[in-house]
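# Survey of secondary and tertiary structure
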Amino acid sequence: MTVAERTPLVEMQHVNVAFGGVHAVQDVTIDLYAGEVIGLVGGNGAGKSTLMRVLSGAHPADSGSVLIDGKPVSINNPRDAKAYNIETIYQTLALADNVDAPGNLFLGREKTTRLGSLDDSAMESETRKVMGRLNPNFTRFKMPVKSLSGGQRQAVAIARAVYFNARILIMDEPTAALGPAETAQVRNLIRQLKDEGIGIFLISHDIHDVFDLSDRISVMYHGEIVGTVNKDEVTTDEVLGMIILGKPPTEVTESELAALHV
Amino acid sequence: MTNVADAAPASGQVQPPARTSIRGLIAQTEIDLRLFGMLLALGVILLTFNILSGGKFFQPTNMVTLAVQASGVAVIATGMVLVIVSRNIDLSVGSLVGVIAMTYALLMTDWMPNVLGMGPDFPFRWLIALGLGIGLGALVGGLQGFIIAYIGVPSFIVTLGGLLSIRGVVWYLSSGAARSGLDPDFQLIGGGAQGSIGGTLTWILALVGCLAIVLLLINGRRQRRRFDFPVRPVWAEVLLGVLGCAAVVAVAAFANANLWPEGLAARIAARDNWGPTPEGGWQIPTGFPYPMVLLLGVTLVMAWLATRRRFGRYVYAYGGNPDAAELAGINTRWTILKTFVLMGILCAIAAAIASARLNGATLDVGQSYELYVIAAAVVGGTSFAGGIGSIPGAVLGAFVMQSLAYGLSFMGVNSPGQNVVAGIVLIIAVGFDTLNRRRGS
Amino acid sequence: MFSRKLIALVGAAAVMAAACSSGSTPSPSAAASGGGGEDCVVGVSWNNFQQPRWAATDEPGIKDTVEAAGGKYISADANLVNEQQLTDVDSLISQGAKVLILLAQDQNAILPAVQKAKDAGIPVIAYDRLIEDTSVLYLTFDNVAVGKAQAAALFEKVPTGNYVLIKGDPGDPNASTFLPQGWDDAGLKDKVASGDITILNGPDGTFTDAWKTEKAQSNMEAIIDKANADGNKIDAILAENDSTALGVVAALTAKNYGFPPLSGQDGDPANLNNVALGKQYVDVWKNSLELGKAAGQAALQLCAGTAIADLSITVDPSVQPPTGAAPTDFTTPGSNVVKAFILQPTPVTADTLNLPIDAGWYATKDDICKGVDPATGPAACK
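Quick caveat, the model's predicted, so the values are computed rather than measured.

## Focus on the overall build of chain B
Along chain B, the regular secondary structure elements total 17 helices and two strands. In terms of C-alpha radius of gyration, chain B reaches 23 Å, essentially the compact-globule figure of 22 Å for 441 residues. Overall size of chain B, expressed as C-alpha extent along the three principal axes, is 70 × 65 × 45 Å. In chain B, which comprises 441 residues, the share counted as buried stands at 49%.

Here it is, written out as structure tokens:
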């Protein structure tokens with residue numbers, strides 16, 4: 001799989017985020033091309049989610065810049081991010097439990113009638129269409145999402161991102177709470193979206209998923225990028241070494257790698 | 001959000017048509033079981049008191065008294081639902097009602113004639129006073145809402161401070177003395193024979209209500225058809241229409257069975273030259289009292305805001321998952337502030353009813369309202385966990401609690417007894433709710 | 001979770017109330033040097049200065065009397081909190097008070113403060129509310145006589161018929177004991193026994209939480225509904241005070257019932273106005289200006305070293321106790337015998353509205369005569 005475009009879809013340059021005395025993201029530079037999946041990996045507290053929250057507008061950076069299609073942009077809140085067609089599927093899914101699927105899909109971006117009232121029928125209709133593509137067996141459109149299964153909730157969160165024509169998709173642990181069948185569905189979806197030219201940041205702790213789906217892998221360690229490598233040019237052990245020891249393949253020794261398996 | 005504004009809101013997916021069990025049939029009507037249960041409970045309470053009193057309790061004049069007594073708390077309860085749903089609380093409502101009631105009294109007895117140059121004959125003086133009161137309520141509510149939403153002080157603390165300080169302000173305004181003598185037009189807001197809309201208007205309202213229910217059912221069905229959604233079986237739609245209309249007409253008929261006291265009718269007849277008294281007396285129906293009409297209007301507007309506007313959607317979404325609301329790009333702080341502004345406005349309306357009923361204001365008008373309002377909202381299904389609450393439910397809750405208080409008063413049970421019963425009912429209602437939810441999830 | 005909030009609310013309210021209490025700011029203490037008008041520092045501990053009556057009548061009565069003789073008036077407000085009142089008394093003593101006038105929030109909780117005063121040799125006047133201690137001077141209006149005056153006035157107007165009894169807060173001994181005792185002294189118990197009077201909401205009547213006007217209103221509405229349902233006519237209403245009477249009038253108005261004779265107590269402006277308008281029949285007025293004056297006189301004499309038994313207090317003849325200018329023995333419910341100076345209340349009807357006006361009551365003629373047609377109204381409003 002090659003990535004042909006010259007201008008990266010997204011570039012994050014020298015991003016720093018600190019809060020509560022913790023320097024969560026330190027001078028991180030990372031980029032993403034259209035039609036590419038970047039696996040963003042690292043241990044707990046490595047800074048992956050925080051970095052992505054900068055892109056999704058949930059937590060603006062203290063310093064650094066973000067470029068989209070080569071042009072600098074300013075993302076100060078989730079609305080800004082969505083305006084740039086950046087959609088996020090958070091680890092917690094960020095669904096309002098007491099609201100139904102259409103309500104969640106359109107949360108913050110509701111369809112309204114001419115008088116400015118909610119157009120629930122139109123929203124439900126659109127939701128049925130998009131859910132039909134992702135999960136044809138889904139029928140509980142009027143129930144609060146609290147009563148849906150984990151996979152169905154995931155489908156709603158994904159549908160939300162897909163419906164609004166994301167060009168850049170951030171997926172934070174999308175298969176963590178899913179069973180094998182649903183996991184396979186999500187993986188298919190990711191491949192499908194990649195084919196459509198969408199750029200995806202995929203945060204996952206499942207090293208096999210990462211190797212299966214991503215084109216490049218960026219590893220973070222204590223807030224810094226250890227290295228960004230092509231998937232084809234590394235072994236799982238070397239990636240593990242980056243995650244656990246914080247050392248890129250060029251600096252790690254055979255014995256250190258062997259010690260990881262003890 | 002499941003659609004609550006319909007005449008019979010949905011609570012779940014429509015069952016496949018094959019079911020013929022009672023539960024299946026009820027499910028096909030998509031009636032909100034909880035609301036229906038509360039209506040039943042209210043009916044049981046009224047029936048019980050009627051039996052205990054030998055049939056004297058359930059009379060039009062008594063039910064009208066009950067409705068007027070419940071209206072102030074019910075008006076505020078519609079707003080408290082949104083506040084509690086969004087994980088806040090407003091303890092200041094009683095004091096706010098008190099200060100606005102005193103403001104109405106001072107405006108009409110002192111400030112308007114003496115300071116603003118508006119004598120008793122100034123046109124629409126009562127309306128201006130009402131407008132000023134609503135403005136004051138919105139201002140104070142907005143101030144509290146600002147401190148809660150934008151500065152981040154917990155609503156419990158802010159409104160507790162409001163409860164204490166605003167009640168103190170009432171004393172300074174009035175030097176502790178009662179003020180009485182409001183404009184006659186303003187007094188009508190409090191109900192009574194002349195403070196009611198009369199027989200004709202009541203029938204018209206009933207007709208409009210019935211039409212509205214039928215139209216809602218038809219429109220709802222049409223919308224579903226448009227998108228190929230499953231629809232209720234025709235018999236269910238017809239049943240709901242018939243029951244809804246019957247209920248509306250029955251309530252109107254009951255209100256119209258409440259007659260003007262003959263003494264009053266005779267007095268007005270003499271004053272306005274209606275001619276000789278007819279056989280059997282004047283028999284003038286009062287119809288719905290103004291407080292009830294106000295409550296109806298408020299309930300419709302609040303329910304519409306809650307279910308058909310983005311504002312309401314955002315309140316519920318925030319209550320369900322504040323994080324999700326933020327990440328969806330909702331301006332949550334502005335939303336929360338608006339819930340408190342609404343509370344202020346509703347308190348002003350309730351204060352108008354209370355002061356009109358008293359024809360003035362005392363130092364302690366509105367005292368403890370916050371407890372009654374919260375109880376009404378909670379009995380009506382609003383949960384302190386956030387995200388769950390029904391506005392019609394809160395109104396019903398207010399009526400349930402007031403029917404107990406009034407019924408016990410009627411039967412001669414003193415305040416301590418009334419409070420014991422109220423407390424027990426509150427615990428039972430919420431306990432029932434909690435068990436139900438646990439079983440459902 | 002709601003009940004926890006309630007407890008927190010009550011706790012927080014108590015803390016904030018205690019923190020915010022302050023009546024008149026106490027002035028620096030005068031140089032201490034034995035009795036006499038010029039050096040008499042009179043310390044007053046109010047229990048709830050927020051109630052309008054104290055600022056309007058009692059305080060001026062005490063303060064003017066004391067200051068006219070060259071004395072000094074200092075005070076504190078306990079805002080309904082017992083602990084605060086103990087602190088207030090401490091602070092008044094430390095500011096050099098020679099006499100203490102105490103309006104006890106609770107007659108038993110105040111005893112440690114009384115003991116402190118005794119130890120410091122400071123005489124104590126129990127003002128308006130009883131303190132169960134033999135060393136105090138009990139200065140009050142005769143609450144039982146108030147009840148008697150209310151009932152007597154109504155019985156004269158309506159000797160037989162259906163009565164409604166509206167009482168105050170069930171926890172207040174005035175409401176549950178003293179006033180009803182006065183009603184019986186006027187003959188209520190006998191008339192009920194003989195069948196002359198039927199109590200529609202009997203046998204004990206209806207209490208009103210915290211004397212609240214709104215509660216009295218909704219209670220009365222239910223009573224009217226019940227009476228109508230039973231086919232009974234309400235002939236008279238014995239209400240214990242003005243705040244409840246106001247609620248009764250509102251209920252009668254809402255039901256277009258007319259205004260059967262109604263009693264009250266306190267001489268509140270709105271109620272005196274109702275008397276002028278014919279909506280209330282009698283308002284038993286306690287000229288607390290005179291009570292304040294009496295306290296002021298007693299304080300000055302006590303400062304000068306006079307013993308309690310030898311005090312001579314002269315007030316307006318209308319309120320002067322029938323026993324004269326000297327304190328008499330009074331047996332308390334706790335079986336203590338205290339020296340007491342008990343003033344007489346004045347029942348005010350439409351004919352006698354001039355009494356409070358002439359006495360300089362805080363209800364002015366404008367307040368009392370608002371909306372009264374001079375042609376048909378009482379003499380006092382012409």
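## Remarks on the arrangement of the chains
Take the two pairs of chains in contact: the one carrying the most contacts is chains B and C. Nothing in chain A touches chain C; the tightest C-alpha to C-alpha distance between them is still 21 Å.

## A look at the interface of chain C and chain B
With 40 residues of chain C in contact, the opposing surface of chain B contributes 41 residues. Elements supplying a minimum of two residues to the side of chain C that touches chain B: α1 (2-20), α8 (213-230), α9 (242-254) and α10 (269-277) of chain C. Class assignment of the residues belonging to the side of chain C that touches chain B gives a composition of 16 nonpolar, 14 polar and ten charged.

## Some remarks on the sheet that holds strand β10 (residues 282-285) of chain C
Residues and elements named next belong to chain C. Spatially, β9-β10-β13 is the arrangement adopted by the three strands of the open sheet, whose pairing is mixed. With partners counted over all chains shown, the strands left at the sheet margins are β9 (263-265) and β13 (346-348), one partner each. Neighbouring strand axes in the sheet, compared pairwise and without regard to direction, differ in orientation by 25° on average. With three bridges joining them, β10 and β13 adopt antiparallel strand pairing. Its bridge partner lying in β13, Asp283 is registered against Val348.

## Details of the interface of chain A and chain B
Across the boundary between the two partners, chain A contributes 27 residues, which contact 27 residues of chain B. Taken together, the elements giving at least two residues each to the side of chain A that touches chain B come down to α2 (78-83) and α4 (120-134) of chain A. Residues that form the side of chain A that touches chain B fall into these classes: ten nonpolar, eight polar and nine charged.

## Considerations on the confidence of the model for chain B
Detailed reading of the predicted model is not advised wherever pLDDT is low. In this model, chain B carries a mean pLDDT of 90, and residues with pLDDT of at least 70 account for 95%. Here residues 1-17 of chain B is modelled with pLDDT under 50, and outside its nearest four sequence neighbours on either side it reaches 54 contacts, counting other chains as well.

## Description of helix α12 (residues 310-320) of chain B
Counting buried positions over the eleven residues of α12(B) gives ten, a clear majority of the element. Buried residues of α12(B): B:Arg310, B:Gly312, B:Arg313, B:Tyr314, B:Val315, B:Tyr316, B:Ala317, B:Tyr318, B:Gly319 and B:Gly320, and no others. Looking at the buried residues of α12(B), the elements they touch are α3 (101-105) of chain A together with α3 (60-85), α11 (290-308), α13 (322-327) and α14 (332-358) of chain B.

## Looking at the domain arrangement of chain B
Residues and elements named next belong to chain B. Assigned domains of chain B: these are domain 1 (32-192 + 289-440) and domain 2 (193-287). The C-alpha centroid of domain 2 is placed 25 Å from the C-alpha centroid of domain 1. Between domain 1 and domain 2, the residue contacts involve 13 residues of the former and ten residues of the latter. For the side of domain 1 that touches domain 2, the secondary-structure elements that each account for two or more residues are α3 and α11. Taken together, the residues of the side of domain 1 that touches domain 2 break down into eight nonpolar, five polar and no charged.

## A look at the environment of C:Lys293
All names here are of chain C. Of note, Lys293 is situated in helix α11 (residues 288-303). Accessibility expressed as a C-beta count within 10 Å gives 23 for Lys293, which makes it buried. Discounting chain neighbours no more than four positions away, the residues touching Lys293 are Gly61, Thr65 and Val315.

## Considering the sheet that holds strand β7 (residues 197-199) of chain C
Residues and elements named next belong to chain C. Taken together, three strands build an open sheet; the order of strands is β7-β6-β8 and the sheet is parallel. With partners counted over all chains shown, the strands left at the sheet margins are β7 and β8 (236-239), one partner each. Sheet twist, expressed as the average angle between the axes of neighbouring strands with direction ignored, equals 35°. Here strand β6 (residues 161-166) pairs with β7 via three bridges, running parallel. Bridge pairing links Gly161 to Ile197 in β7. Together, β6 and β8 form the strand contacts of α9, whose direction differs from that of β8 by roughly 150°.

## Re the confidence of the model for chain C
Residues and elements named next belong to chain C. In the predicted model, chain C carries a mean pLDDT of 86, and the fraction of residues at 70 or more is 90%. Mean pLDDT across the secondary structure elements of chain C bottoms out at α1, with 52, and peaks at β8, with 97. Per the prediction output, this complex has pTM 0.85; the corresponding ipTM is 0.89.

## Points about the nonpolar core
Counting residues in hydrophobic clusters, the biggest one holds 306 residues, and the most contacted among them are B:Ala77, B:Ala376, C:Ile125, C:Ala126 and C:Ala299. Considering every element that reaches this core, the biggest residue donor is α14(B), with 18 residues. Apart from the residues lying within four places of it in its own chain, the contact partners of C:Ile125 are C:Val99, C:Leu100, C:Ile101, C:Leu102, C:Val136, C:Leu137, C:Leu139, C:Ala295, C:Ala298 and C:Ala299.

## Focus: the pairing of β6(C)
For a regular strand, side-chain orientation follows a simple rule: the groups alternate between the two sheet faces. Pairing between β6(C) and β8(C): four bridges, direction parallel. Considered in β8(C), the bridge of C:Ile166 is made with C:Ala239.

Scoring rules and cut-offs
- Residues numbered from 1 in each chain as written.
- Chains lettered and ligands numbered in written order.
- Predicted model: local features only at pLDDT ≥ 70, side-chain atom pairs only at ≥ 80, totals over all residues.
- Helix = DSSP H or I, 4+ residues; strand = E, 2+ residues; numbered from the N terminus.
- Rg over C-alpha atoms; globule rule 2.2 N^0.38 Å.
- Buried ≥ 20, exposed ≤ 12 C-beta atoms within 10 Å, placed from the backbone.
- Contact = placed C-beta atoms within 7 Å.
- Nonpolar A, V, L, I, M, F, W, Y, C, P; charged D, E, K, R; others polar.
- Pairing = 2+ DSSP bridges.
- Axes fitted to C-alpha atoms, helices over the stretch in contact; angles between N-to-C directions.
- pLDDT = per-residue confidence, 0-100.
- Domains from an automatic or database assignment.
- Core = buried A, V, L, I, M, F, W, Y, C linked by C-beta atoms within 7 Å.

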